[in-house]
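Here is how the chains run, residue by residue.
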Amino acid sequence: MTEPAPAAERWRLLAERHVLLDGFHALKHALRFGAEVPLALAASRATALELAERLAPDLVDRLAGSLVEVTPQALRGLVGRPHPTGVAALAVPAPARPAGLPPAAERPAPLVVLDEPRQLGNVGAVVRLAAGVGAAGVLTTGTVDPWHPAVLRASAGLHYALPVGRVTVPELPAGPLFALDPAGDDLRGLSLPPGSLLAFGSERAGLTDALRAQADALVALPMRPAVSSYNLATSVAMALYHWLAAQPPGAAPE
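So, how was this worked out
- Residues numbered from 1 in each chain as written.
- Predicted model: local features only at pLDDT ≥ 70, side-chain atom pairs only at ≥ 80, totals over all residues.
- Heavy atoms only, no water.
- Pairing = 2+ DSSP bridges.
- Helix = DSSP H or I, 4+ residues; strand = E, 2+ residues; numbered from the N terminus.
- Axes fitted to C-alpha atoms, helices over the stretch in contact; angles between N-to-C directions.
- Contact = heavy atoms within 4.5 Å.
- Buried < 20%, exposed > 50% of the residue type's maximum accessible area, 1.4 Å probe, protein only.
- Salt bridge = Lys/Arg side-chain N within 4 Å of Asp/Glu carboxyl O.
- Polar contact = N/O pair within 3.5 Å; in protein donor to acceptor, adjacent residues only side chain to side chain.
- UniProt positions renumbered as here; feature names shortened; annotations may be inferred.
- Parallel < 35°, antiparallel > 145°, perpendicular 65-115°, else oblique.
- Left-handed = near helix turned anticlockwise from the far one by under 90°.
- Nonpolar A, V, L, I, M, F, W, Y, C, P; charged D, E, K, R; others polar.

### So, the sheet that holds strand β4 (residues 87–91)
- One open sheet holds the four strands; their spatial order is β1-β4-β2-β3, and the pairing between them is mixed. Of all strands in the sheet, those with a lone pairing partner are β1 (19–22) and β3 (67–69), marking the two edges. Taking the axes of each pair of neighbouring strands and ignoring which way they run, one obtains an average angle of 25 degrees across the sheet.
- One ladder, built from four bridges, connects β1 with β4; its direction is antiparallel. Counterpart to D22 in the pairing with β4 is A88.
- The sheet contacts of helix α2 (residues 24–32) involve β1, β2 (39–42), β3 and β4, and relative to β1 the element is tilted by about 120 degrees.
- The strands that helix α3 (residues 45–55) touches are β2, β3 and β4; relative to β3, the one it contacts most, it runs at about 145 degrees.

Structure, rendered in structure tokens:
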């Protein structure tokens, strides 16, 4: 049933204190990992539920009872640039706080630290791959909001699969801090202990002086001479795969 006016009014009331889940996949992942979603809209309920039947059968009943159909024009007016799936939702944010993270001894997987990143899409891509690998969380320093709508769009809603938040360098949780830097030792010779933090500098400037000073060790990714750098998300993927490859065969991310 189409309910454009009341849905639009509710959306505007909720939007200031909720985050945007842009697209079916973002909504799917957020629901699977426990997000509180007070309002979900679809330009076509039938199309959205057909997607759910194919891609998320575990959520069909829940979506059938909660999706509100609005016109494509109404959705565009609320979201601005609707996702091709024609689905958008609002969710309660769950930003990580350093004091709420498990201590190092209870973090078998590395915690990813993005030091003053600049590109929102890169931050979202890092959250998505960190969730898939089973990293302990993703923390950012600097001014970029890791819960920005563009970051959530790039993460496909996987912010709810692991802790994601913004901190200052002095607030970083305890644990061995390995910072990625071209001047460091080759990562392939490193065994990451439990509770490790893997820190990556910004796309252009690299590590800040503050984080470099706090690092326990500098490590480098292998790279062909004359190639200046990797993409940020690619660098994180390589480092996390190095950790994952050292795990016992058959061990699955949690």
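After that view of the structure, there is still more to cover.
### Observations concerning the side chain of S155
- Looking at the element boundaries, S155 is found in helix α7 (residues 149–155).
- Judged by relative accessible area, which is 0%, S155 ranks as buried.
- Excluding its chain neighbours within four sequence positions, the residues that come into contact with S155 are G124, V127 and R128.

### Observations regarding the pattern of salt bridges
- One pass over the structure, following the stated rule, counts five salt bridges.
- Across the pair R153 and D22 runs a salt bridge, and its minimum N-O distance is 2.4 Å. Placement of the pair is R153 in helix α7 and D22 in strand β1, with a sequence separation of 131 residues.
- Taking relative accessible area as the criterion, R153 reaches 24% and is therefore assigned partly exposed.
- Under the relative-accessibility criterion, D22 is labelled buried at 7%.
- Ionic pairing is found between E116 and R118, a salt bridge with its closest N-O pair at 3.7 Å.
- Exposure remark for E116: the relative accessible area of 31% places this residue in the partly exposed category.

### With respect to the environment of Q247
- Relative to the assigned elements, Q247 resides in the segment after α9 (232–245).
- Classification of Q247 by relative accessible area gives partly exposed; the value is 27%.
- Taking the C-alpha atoms as reference, Q247 lies 16 Å from E106; in sequence the two are 141 residues apart.
- Of note is the side chain of Q247, whose polar atom sits 2.9 Å from the backbone oxygen of W243.

### Here we look at the sheet that holds strand β8 (residues 177–186)
- Strand order in the open sheet formed by six strands is β7-β6-β5-β9-β8-β10, with parallel pairing between adjacent strands. Each edge of the open sheet is held by one strand with a lone partner, namely β7 (164–166) and β10 (217–220). The mean angle between the axes of side-by-side strands here comes to 35 degrees, regardless of whether they run parallel or antiparallel.
- Pairing of β8 with strand β9 (residues 197–200) involves three bridges; the strand directions are parallel. By the bridge assignment, A179 is partnered in β9 with A199.
- Taken strand by strand, helix α6 (residues 120–133) contacts β5 (111–114), β6 (137–140) and β7, and its axis lies near 160 degrees from that of β6.

### Quick look at the UniProt feature "domain: tRNA/rRNA methyltransferase SpoU type" (unreviewed entry) in the chain
- UniProt annotation of "domain: tRNA/rRNA methyltransferase SpoU type" (unreviewed entry) refers to residues 111–241 when read in the numbering used here.
- Across residues 111–241 one finds 28% helix and 22% strand; the C-alpha atoms that close the span lie 13 Å apart.

### What to know about the environment of A26
- Its location among the elements puts A26 in helix α2.
- A26 sits 15 residues away from W11 along the chain, and the two C-alpha atoms are 17 Å apart.
- Ignoring any residue separated from it by four or fewer positions in sequence, one finds A26 in contact with L21, A156 and G157.

### Digging into the packing of α6 against α9
- Contact geometry of α6 with α9 gives a least axis separation of 9 Å together with a crossing angle of 15 degrees. The angle between α6 and α9 falls in the class roughly parallel. α6 and α9 meet at a crossing whose hand is right-handed. Across the interface between the two elements, N122, A125, V126, L129, A130 and V133 from α6 touch L232, A233, V236, A237, L240, W243 and L244 from α9.
- Of the residues contributing to the contact of α6 with α9, the split by class is 12 nonpolar, one polar and no charged.

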